[in-house]
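# What the coordinates show
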Amino acid sequence: MRYDAYNSTMTYPSDTIDQNATKNAIWSVSELNQQARSCLENKFSGVQVEGEISDLIKHRSGHWYFTLKDDEGQLRAAMFSFKNKAVRFNPENGQQVVLTGKLSLYAPRGSYQFIAERMAPAGIGQLQREFEILKRDLEKQGLFDPAHKQALPDFPGQVAIITSPQGAAIRDIQTTFARRFSGIQLIVIPVAVQGDDAAQAIADAIDTANSWSKDNQPNDLLGTELTLSPANVQPDAIIVGRGGGSIEDLWAFNEAVVAQAIYRSKLPVISAVGHETDTTIADFVADVRAATPTAAAELLSPDRQGLLQRVQHLAARLNNHISYEINHARIQLQSLAKRVKHPSYQLTQ
């Protein structure tokens, strides 16, 4: 409500403020604050802002209150508990972050603030944008086309594993193959899975695995204690992967050079990067995406116990069938024997 000093009439504010009418109007403090708040929230909704966290207070109610600042300014901010529960890291003072939300005004104090709906470490926003741009470009080029996907072999003799020899992924893969079907030979091609040169190393390893044929001998990429070196190296499939990590840690698998190497691979490729919730460009290009390295090994290793049970079942069916045929033949033979007469009977007649 506002009071017009010239005509002594009382009017109520509307959502759209008449600029001429406000020149001669007297507003109450709360009314003006509400109007300012409405203008800010309508004009600056869904915006992103980057800055450094300071004066962070995590209230017992679950809400976060802090200041976002840069070299030349600062902005009061709040993130309510029902939103900050989705934040996947622990924010601290001095940390550079990107907030998504809206500008608002706390009417009781008339204080200008930013209401955050999402929070991410600074740098991730740019990486995510690069990810989306590359994903769109590769999709237009047909690298994600389902028609290009290859089927996995049912009983691979050899599997090339492209990963770090020191990581948890290789141990999980080896353990799974040993448990499920130890007869499959594992050819480990050790590579760096993060860092500036990792993407090119991964792409080169994929090309190397494809270059091996029946007549090729293992080259100097083989020979670690993790590698089973067969006399002839001829992998039937490739697992490319690593354990979990941040988007920066997994970035090598978001490079175009890796995507193109997977796409041109003549061997079927399983992408097993990170945890189930992690998604990389390699996942979209690969013939099959596995949620984890363990899951990738399960896809390529027949279940030994299941196969034994199947063999036992088939053996039992075969025995039953043979027994049935033998019994049937015996009955036929007995029936025919009854119809056969001794030659002396004919002579007697």
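In the block above lies the structure referred to throughout.
Residues numbered from 1 in each chain as written. Predicted model: local features only at pLDDT ≥ 70, side-chain atom pairs only at ≥ 80, totals over all residues. Heavy atoms only, no water.

## Remarks on the overall build of the protein
Formally: Helix numbers and strand numbers start at the N terminus; a helix is a DSSP run of H or I with at least 4 residues, a strand a run of E with at least 2. A simple rule labels every residue: compare its accessible area, found with a 1.4 Å probe on the protein chains alone, to the largest value its type can have, and call it buried under 20%, exposed over 50%, or partly exposed in between. Whether two residues are in contact is decided by their heavy atoms, any of which lying within 4.5 Å being enough. All accessibility values rest on the Shrake-Rupley procedure with a 1.4 Å probe; residue burial counts only the protein chains present in the view.
A tally of helices and strands in the protein yields 11 helices and 13 strands. Every one of the 349 residues in the protein was classed for burial, and the buried ones make up 36%. Sequence-distant contacts in the protein: of pairs separated by 6 or more residues, those separated by 24 or more amount to 62%. Only carbon and sulfur atoms are counted for the fraction: they give 51% of the accessible area of the protein, which is about 20,900 Å².

## Description of unusual backbone geometry
At Asp55, a position not held by glycine, the phi torsion is positive, near 55°. Looking at Asp55, the relative accessible area reads 52%, which means it is exposed.

## Considerations on the sheet that holds strand E7 (residues 96-106)
The condition is simple: Criterion used throughout: strands pair if DSSP finds at least two bridges between them. The axes are straight lines fitted to the C-alpha atoms, using for helices just the contacting stretch, and the angles between their N-to-C directions are given from 0 to 180°.
On the basis of which strands lie adjacent, the closed barrel formed by 5 strands has the order E4-E5-E6-E8-E7 and mixed pairing. Here the average twist between neighbouring strands, direction ignored, is 55°. By the bridge criterion, 10 bridges tie E7 to strand E8 (residues 111-121) in an arrangement that is antiparallel. In the strand pairing of E8, Leu105 is matched with Tyr112.

## Things to note about the pattern of salt bridges
Where charged atoms from two side chains of opposite charge approach closely, those side chains can pair. Inclusion rule: A pairing counts as a salt bridge when a side-chain nitrogen of Lys or Arg comes within 4 Å of a carboxyl oxygen of Asp or Glu.
With the rule as written, the count across this model stands at 3 salt bridges. Here Arg179 ties to Glu298 by a salt bridge, and the two come within 3.8 Å at their closest N and O atoms. On the criterion of sequence distance, the pair formed by Arg179 in helix H5 (residues 168-180) and Glu298 in helix H9 (residues 293-300) is long-range, its members being 119 residues apart. Residue classification places Arg179 among the partly exposed residues on the basis of a relative accessible area of 46%. Here Glu298 falls in the partly exposed class, since its relative accessible area comes to 35%. Across the pair Asp283 and Arg289 runs a salt bridge, and its minimum N-O distance is 3.6 Å. For Asp283, a relative accessible area of 8% puts it in the buried group. The partly exposed category is assigned to Arg289, whose relative accessible area is 33%.

## Some words on the sheet that holds strand E9 (residues 158-163)
Strand order in this open sheet of 5 strands is E10-E9-E11-E12-E13, and the pairing throughout is parallel. Each edge of the open sheet carries a strand with a single partner, namely strand E10 (185-190) and strand E13 (288-289). Note that strand E11 (residues 237-242) and strand E12 (residues 269-273) share 5 bridges and pair parallel. Paired with Val240 across the strands is Ser271, a residue of E12.

## Concerning the packing of helix H6 (residues 198-211) against helix H7 (residues 256-264)
Short version of the rule: Small angles under 35 degrees read as roughly parallel and large ones over 145 as roughly antiparallel, with 65 to 115 read as roughly perpendicular and the rest as oblique. Classification used: nonpolar for Ala, Val, Leu, Ile, Met, Phe, Trp, Tyr, Cys and Pro, charged for Asp, Glu, Lys and Arg, polar for all others including Gly.
The geometry of H6 relative to H7 is characterised by a closest axis approach of 8 Å and an angle of 10° between their N-to-C directions. Classed by the angle they form, the pair H6 and H7 counts as roughly parallel. Listed contacts from H7 to Ala199, Gln200, Ile202, Ala203, Ile206 and Asp207 of H6 are Val257, Val258, Ala261, Ile262 and Arg264. Class assignment for the residues of the contact of H6 with H7 results in 8 nonpolar, 1 polar and 2 charged.

## Some words on the packing of H5 against H9
The condition is simple: Whether a crossing is left-handed or right-handed is set by the direction in which the near helix is turned from the far one by less than a right angle, anticlockwise for left-handed and clockwise for right-handed.
Orientation of H5 relative to H9, taken along the N-to-C sense of each, is 30°, at an axis distance of 8 Å. One element, H5, and the other, H9, form an angle in the roughly parallel class. Judged by the twist between their axes, the crossing of H5 over H9 is right-handed. Along the contact surface, H5 presents Ala169, Asp172, Ile173, Thr176, Phe177, Arg179 and Arg180, while H9 presents Pro293, Thr294, Ala297, Glu298 and Leu300. When its residues are assigned to classes, the contact of H5 with H9 shows 6 nonpolar, 2 polar and 4 charged.

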